[in-house]
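# A closer look at the structure
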Amino acid sequence: MWQKLCEIWKNTGDKQMNILTVEGLSYYKRKHIIYQNISINLSKGDCYVIMGRDNEGKTSLLRGILGLEKAAEGSVIWGEGIEKKTLFRNQIGFVPDELLGFEKMTGVQLLDMIISLKKGDYLEKADELLQYFGINPAVPVEYMDENTNKCIYLISVLMQSPPVLILDEPFNFLNEETADRLRSWLKRYCKEGNTVLITSDNYPDVADICTKLSALKNRKLLRTDINPAVFHQQKFLTVKGGNRIEASQNQWKDCLLRLIYEEDGETGYLFEGTADKLVLLLKTLKSEDFIIEDISIEEQLYSDYEWMEEG
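Residues numbered from 1 in each chain as written. Predicted model: local features only at pLDDT ≥ 70, side-chain atom pairs only at ≥ 80, totals over all residues. Heavy atoms only, no water.

### Quick look at helix 7 (residues 275-285)
For helix 7, every residue scored as buried is listed here: Lys277, Leu278, Leu281 and Leu285. Looking down the long axis of helix 7, one finds its buried residues gathered within 100 degrees of arc, a one-sided arrangement. Within helix 7, the exposed residues directed more than 90 degrees away from the buried face are Ala275, Asp276 and Lys283. On the buried face of helix 7, the contacting elements are strand 10 (234-240), strand 11 (256-263), strand 12 (266-272) and strand 13 (290-295). Directly after helix 7, the chain includes Lys286, whose backbone phi takes a positive value near 55 degrees. (Buried < 20%, exposed > 50% of the residue type's maximum accessible area, 1.4 Å probe, protein only. Helix = DSSP H or I, 4+ residues; strand = E, 2+ residues; numbered from the N terminus. Arc of directions from axis to C-beta. Contact = heavy atoms within 4.5 Å.)

### A closer look at the packing of helix 3 (residues 123-133) against helix 5 (residues 176-191)
Helix-helix packing: each pair is described by the crossing angle between the helix axes and the interaxial distance. Two numbers describe how helix 3 lies on helix 5: the axes approach to 10 Å, and their chain directions differ by 135 degrees. Taken together, the axes of helix 3 and helix 5 are oblique relative to one another. The residues of helix 5 that touch helix 3, namely those facing Leu129, Tyr132 and Phe133, are Thr178, Arg181, Leu182, Ser184, Trp185 and Arg188. Taken together, the residues that form the contact of helix 3 with helix 5 break down as 5 nonpolar, 2 polar and 2 charged. (Axes fitted to C-alpha atoms, helices over the stretch in contact; angles between N-to-C directions. Parallel < 35°, antiparallel > 145°, perpendicular 65-115°, else oblique. Nonpolar A, V, L, I, M, F, W, Y, C, P; charged D, E, K, R; others polar.)

### Overview of the nonpolar core
Counting residues in each nonpolar core, the largest one holds 49 residues, and the members touching the most others are Phe133, Leu165, Leu186, Val196 and Ile198. Counting residues per element, this core draws most heavily on helix 4 (residues 146-158), which supplies 7 residues. The contacts of Val196, once residues within four sequence positions are left out, are Leu42, Asp46, Cys47, Tyr48, Leu165, Leu167, Leu186, Tyr189 and Cys190. (Core = buried A, V, L, I, M, F, W, Y, C linked by side-chain atoms within 4.5 Å.)

### Describing helix 4
Taking 1.5 Å as the rise per residue, helix 4 with 13 residues should run 18 Å; its terminal C-alpha atoms sit 18 Å apart, in good agreement. Of all 13 residues in helix 4, 12 are buried; the element is thus mostly enclosed. Along helix 4, the residues classified as buried are Asn147, Thr148, Asn149, Lys150, Cys151, Ile152, Tyr153, Leu154, Ile155, Ser156, Val157 and Leu158. On its buried side, helix 4 packs onto strand 5 (92-95), helix 2 (107-118), helix 3, strand 6 (164-168) and helix 5. (Expected span 1.5 Å × (residues − 1).)

### Let's talk about the environment of Asn37
Secondary-structure assignment places Asn37 in strand 2 (residues 32-43). C-alpha of Asn37 to C-alpha of Gly24: the two residues are 13 residues apart in sequence and 4.1 Å apart in space.

### Here's the deal with the pattern of salt bridges
Tallied over the full model, the rule gives 12 salt bridges. Measuring nitrogen to oxygen at the nearest pair gives 2.7 Å for the salt bridge that ties Arg183 to Asp180. Residue Arg183 and its partner Asp180 are located together in helix 5, separated by 3 residues, close to a single helical turn. Exposure remark for Arg183: the relative accessible area of 12% places this residue in the buried category. Notably, a salt bridge pairs Lys277 with Asp254, separated by 3.4 Å at the nearest N-O pair. Residue Lys277 is located in helix 7, and its partner Asp254 is located in the loop between strand 10 and strand 11; the two are separated by 23 residues in the primary sequence. Each of the salt bridges in this network shares a partner with another, and the network as a whole consists of Asp180, Arg183 and Asp205. (Salt bridge = Lys/Arg side-chain N within 4 Å of Asp/Glu carboxyl O.)

### Some details on the sheet that holds strand 13
Spatial ordering of the open sheet is given by 11-12-10-13, a layout of 4 strands whose pairing is antiparallel. Taken across any chain shown, the strands that pair with only one partner, and hence form the sheet edges, are strand 11 and strand 13. Each adjacent strand pair in this sheet contributes to an overall mean axis angle of 20 degrees, direction not counted. Set on the sheet, helix 7 makes contact with strand 10, strand 11, strand 12 and strand 13; between it and strand 10 the angle comes to about 15 degrees. (Pairing = 2+ DSSP bridges.)

### Some words on the confidence of the model for the protein chain
Across the protein chain, pLDDT averages 87, with 90% of residues at or above 70. Note that residues 1-15 has pLDDT below 50 and, in this model, 40 contacts with residues that lie over four places away or in other chains. In this model residues 306-311 is a low-confidence stretch, pLDDT under 50, and it forms 24 contacts with partners more than four residues away in sequence or in other chains. (pLDDT = per-residue confidence, 0-100.)

### Description of the packing of aromatic side chains
Scanning the entire structure with this criterion turns up 4 aromatic pairs. Taking the centre distance of 5.0 Å and the plane angle of 80 degrees together, the rings of Tyr132 and Phe133 count as edge-to-face. On the basis of an interplanar angle of 10 degrees and a centroid distance of 6.3 Å, the ring pair of Phe236 and Tyr261 is categorised as stacked. Taken together, the residues span a long stretch of sequence, with Phe236 in strand 10 and Tyr261 in strand 11 at a distance of 25 residues. (Phe/Tyr/Trp six-rings, centres within 6.5 Å; stacked < 30°, edge-to-face > 60°.)

Structure representation (structure tokens):
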């Protein structure tokens, strides 16, 4: 089916104040590509998501952006008010995709230690976040479940309210309720003018909060700086015999219908619309030999074929 789809995608993106510009960033280890030729642009207020399945180099890419690993090629340019020397102090917060150690310490002790090291007045904000996520910080780390452990890690950074927040797979280890609370918090945070950069391997985790995204495949960019609004749930119809449908006909004006291919008595259509329109389409085709396949947003995202919604 996918070999039949040859559409053109036009990238969209807000031309707002740039917070971060990454140009041609590449990193190799023992001549193996970890990531290659990565270019992304974050604007103020973005909740930017870098999508990629496991082993696509997402974590190493974040480390390269933060200067924790030296990239072989490319540049990282921070925007207004962000200076490299202030990384991890009060302008950029980073939460890795891992759980806390310090097994003998309680959550309270950990947060107190971080507050004293950061030399900031974060106690009230930490308490607010603990209540928001419903976390008991008196438990020693060695007895915490994964959800609580990850929450303490997140709170240790969120309490500092950095204008740039970088989260590596933040929904890993979180239960559904906590993940929903984190999504709500991130939405508000970005609306307040802060910027968030997230990596994820699961689009449903970030679908409600993402304002711009890139996709990695084979450790390279397949798409970059995409407005997720271009993605919609779609279906692909493979029909043998029956009538040929002209997508330009009036009854299809309020839905997406495209003739993708016609070959050896078989026809392929891309469809997006309501259930009643789909029923009407099947009746109009007058064929009992058809297949309907859902095209998920993730399939569209990782497809080598480019898509564009025509307005």
